[in-house]
Amino acid sequence: MINIKYLIWALLAGSFIPVVGILNGRVGRVLGEPLHASVLLFGVAILLAITVAVLAGRGLPNIGDFRQLQPVEYLAGFVVAFYVISATVLAGKIGVANFIVMAVSGQIIFSLLIDHFGLFGAPIRPVNLLQLGGASMLLGGLVITQLANGK
């Protein structure tokens, strides 16, 4: 069974995601360029990541160990950057709620594919009909939110 504190942590982390688009949009307007907001965000993020690694982890990584990584293992950095840049640019254009609904729909669908096929080295966890039903309901909700917006 999953520890409840981890579920709460994940819920809290997810709750902050809509804030990224709004705050980055504000920063982009002040700086005069939305992409500069992403630069600021990652600067703050690297400082926080270093601080947490030093204080709560085992310090900073050995730079030489990076040679052992395979190219695909750098993909997460590109994915996070793509997400942040997308949230920064799109939240102001399509609304925070629309962006989050679309982003979460993509996350659920792709996570089911990752689990089912063991993509990127993940353990294989075959998808069942209940999960497919839940994903279908999510897509139905996506359609309803778009219809409600007159799209």
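The structure we're discussing is the one just above.
Residues numbered from 1 in each chain as written. Predicted model: local features only at pLDDT ≥ 70, side-chain atom pairs only at ≥ 80, totals over all residues. Heavy atoms only, no water.

A. Highlighting the overall build of the chain. When its secondary structure is counted, the chain shows five helices and zero strands. Listing every helix and strand of the chain by position from the N terminus yields α-α-α-α-α. Overall size of the chain, expressed as C-alpha extent along the three principal axes, is 50 × 45 × 30 Å. For the chain, the proportion of its 151 residues judged to be buried stands at 15%. At a minimum sequence separation of 6, the contacts of the chain that also span at least 24 residues come to 50%. Each charge class in the chain can be summarised by its mean position, and for the 8 positive and 4 negative side chains these summaries are 12 Å apart. (Helix = DSSP H or I, 4+ residues; strand = E, 2+ residues; numbered from the N terminus. Buried < 20%, exposed > 50% of the residue type's maximum accessible area, 1.4 Å probe, protein only. Contact = heavy atoms within 4.5 Å. Lys, Arg positive; Asp, Glu negative; His and termini not counted. Charge placed at Lys NZ, Arg CZ, Asp CG, Glu CD.)

B. Examining the packing of aromatic side chains more closely. As enumerated under the stated definition, the model contains two aromatic pairs in all. Note on Y83 and F99: the rings are 5.5 Å apart at their centroids and 50° apart in plane angle, and the pair reads as tilted. Taken as a pair, Y83 in helix 3 (residues 75-94) and F99 in helix 4 (residues 96-117) lie far apart in primary sequence, 16 residues in all. (Phe/Tyr/Trp six-rings, centres within 6.5 Å; stacked < 30°, edge-to-face > 60°.)

C. Spatial organisation of the side chain of T88. Mapping T88 onto the fold places it in helix 3. For T88, the side chain forms a polar contact with the main-chain oxygen of V84, separated by 2.7 Å. Once residues within four sequence positions are removed from consideration, T88 is found in contact with N24, G25, P34, A37 and S38. (Polar contact = N/O pair within 3.5 Å; in protein donor to acceptor, adjacent residues only side chain to side chain.)

D. Here's a closer look at the packing of helix 4 against helix 5 (residues 129-148). Packing of helix 4 against helix 5 leaves a shortest axis separation of 10 Å and a crossing angle of 160°. The angle between helix 4 and helix 5 places the two elements in the roughly antiparallel class. Where helix 4 crosses over helix 5, the two elements pack in a sense that is left-handed. Within the contact between the two elements, helix 4 uses N98, V101, M102, V104, S105, I108, I109 and L112 and helix 5 uses Q131, A135, L138, L139, L142, T145 and Q146. (Axes fitted to C-alpha atoms, helices over the stretch in contact; angles between N-to-C directions. Parallel < 35°, antiparallel > 145°, perpendicular 65-115°, else oblique. Left-handed = near helix turned anticlockwise from the far one by under 90°.)

E. Structural view of helix 4. If you check helix 4, its first and last C-alpha atoms are 31 Å apart, about what 22 residues at 1.5 Å a residue would give, namely 32 Å. Buried residues of helix 4: N98, F99, I100, A103, S105 and L112, and no others. Those residues of helix 4 hidden inside the fold are in contact with helix 1 (4-31), helix 3 and helix 5. Positive phi appears at G118, one or two residues downstream of helix 4, with a value of about 65°. (Expected span 1.5 Å × (residues − 1).)

F. Layout of unusual backbone geometry. Not every positive phi belongs to a glycine, and F120 is a case in point at roughly 60°. As for its position among the elements, F120 is in the loop between helix 4 and helix 5. F120 gets classed as exposed once you look at its relative accessible area, which sits at 60%.

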